[in-house]
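Each chain is listed here by its residues.
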Amino acid sequence: MEDDIDGSSGAARRAQPQDEITDRPEEKTGLLGRIFEAFTQTENGSGDPVNGGRLDNPSHGMINLRRMRVEDVAIPTADIVAAAVTITKDELVKLFRDSGMSRIPVYDGTLDTPLGFVHLKDLALSHGFNGNTAEFDLRSMVRPVLFVPPSMPIGVLLTKMQTERRHMALVIDEYGGVDGLVTIEDLIEQVVGEIADEHDTDEDQTWIKERPGCYVAQAKTPLEEFEAEIGLSLTDSDTVDEEEIDTLGGLVFMLSGRVPTRGEVVQHPDGTEFEVIDADPRRIKRMRVRLPEPR
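Remember, it's a predicted structure, so these values are computed and weren't measured experimentally.

Parameters and conventions
Residue numbering note: each chain is counted from 1, following its sequence as written. Per-residue local features are limited, in this predicted model, to residues with pLDDT of at least 70; the limit for side-chain atom pairs, both in listing and counting, is 80 or more; totals at the level of whole chains, interfaces and linings are taken over all residues. Side-chain metrics in this entry use all non-hydrogen atoms of the structure; hydrogen atoms and water are not considered. To sort residues, take the accessible area from a 1.4 Å probe on protein chains only and compare it with the maximum for the residue type: under 20% means buried, over 50% means exposed, and anything in between is partly exposed. What counts as a helix is a DSSP run of H or I of at least four residues, what counts as a strand is a run of E of at least two, and both are numbered from the N terminus. For two strands to be treated as a pair, DSSP must find no fewer than two bridges joining them. When we speak of the arc, we mean the arc of directions from the helix axis to the C-beta atoms. Any carboxyl oxygen of Asp or Glu within 4 Å of a side-chain nitrogen of Lys or Arg constitutes a salt bridge here. Between two residues, a contact is recorded if the distance between any of their heavy atoms is within 4.5 Å. Here the axes come from fitting lines to C-alpha atoms, over the contacting stretch only for helices, and the angles between their N-to-C directions go from 0 to 180 degrees.

Draft legend 1. Highlighting the pairing of strand 3 (residues 103-108). Counting buried positions along strand 3 yields five of six residues, so the element is predominantly enclosed. As judged from the six bridges shared by strand 3 and strand 4 (residues 110-119), these two strands associate in the antiparallel manner. Its bridge partner lying in strand 4, R103 is registered against H119. Where strand 3 folds back onto strand 4 in an antiparallel hairpin, the turn is made up of one residue, including G109, whose phi is positive at roughly 90°.

Structure below.
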């Protein structure tokens, strides 16, 4: 691993895009500022971090910052979406599109030799607008990524990410290999709960129709309601027990016999395909449902 991956020079820091997290004290406001202030107070024993209107109640997750370790929240190696430094521009575009990620780790040879990560914005600015015909060079777009041990408390990592303005960290095992990946969103969710983003559907509408015969749905989508939407029964099969399934996520779990990984496609006996868009080791979160062609 190269030394400059874990820390950047002054010039590199000055060139760092402004969408990264700032470490200027006057800008530590809002949710992040309140989390860091509360965590610091708790660590110093200077009082109840929930006083003064900072957080609503003591059970809101602040204790997780001290008790949970990086290994408790990291995405396992098998589920990491990453790109080889030799990837072509078209392949990288497809990887961003299929994964729904805005940041993807980049490696040389294998994931155990990470170089950093590539940001979708850098790709778009360099090659996506105005028909830019510049030669594609992924190495020139790679940004530094943090390397952290699995035993690090997540509160320490959250502070480190904020200080160094990083959104992503790779977990490194005792042999120097990559053992997982964690984002700043993963850490903050341990305090405030799951954070919805622009890819998540509304609370009351748990699916959207991308195009005819293709839907993006949350795993918690009631199976009966989705069947009414598509006009098909997904439980008319010897391999599916209707009485044991209430949601789309439950259906996919039963079909695969386990929690499938991100990017995995699970086949239904009637030809319907369930592509897992988002999942962690414990549960499916979001999927793309492709209906079979009409006969």
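Draft legend 2. The pairing of strand 9 (residues 214-218), seen in detail. Counting buried positions over the five residues of strand 9 gives five, a clear majority of the element. Burial of strand 9 is two-sided: the residues C214, V216 and Q218 facing one way and the residues Y215 and A217 facing the other way are all buried. With four bridges connecting them, strand 8 (residues 207-211) and strand 9 associate as antiparallel partners. Across the sheet, residue I208 finds its bridge partner in strand 9, namely V216. A loop of two residues connects strand 8 with strand 9, the two strands running antiparallel in sequence, and G213 in this loop sits at a positive phi of about 80°. Here five bridges tie strand 9 to strand 12 (residues 284-290), and the two strands are oriented antiparallel to one another. The partner of C214 across the bridge, within strand 12, is R290.

Draft legend 3. Summary view of helix 6 (residues 120-128). For helix 6, the complete set of buried residues consists of D122, L123 and H127. When helix 6 is viewed along its axis, its buried side chains cluster within an angular range of 95° and face the same direction. For helix 6, exposure combined with an orientation more than 90 degrees from the buried face picks out L125 and G128.

Draft legend 4. Representation of the pattern of salt bridges within the structure. As enumerated under the stated definition, the model contains eleven salt bridges in all. The closest approach of N and O atoms between D108 and R139, which form a salt bridge, is 3.6 Å. Remark: R139 occurs in the loop between helix 6 and strand 5 (146-148) and D108 occurs in strand 3; sequence separation between them is 31 residues. We classify D108 as partly exposed; its relative accessible area is 36%. One salt bridge connects E273 with R290, and the closest N-O pair in it is separated by 3.9 Å. One end of the pair, E273, is in strand 11 (residues 273-279); the other, R290, is in strand 12, with 17 residues separating them in the sequence.

Draft legend 5. Representation of the sheet that holds strand 6 (residues 168-172) within the structure. What the four strands build is an open sheet, ordered 1-7-6-5; its pairing is mixed. A strand with exactly one partner marks an edge of an open sheet, and here the two such strands are strand 1 (75-76) and strand 5. Here strand 5 runs beside strand 6; their pairing, made up of three bridges, is parallel. Residue pairing in the sheet places F147 in a bridge with L170 of strand 6. Seen against the sheet, helix 7 (residues 154-164) touches strand 5, strand 6 and strand 7 (178-183) and runs at an angle of roughly 160° to strand 5.

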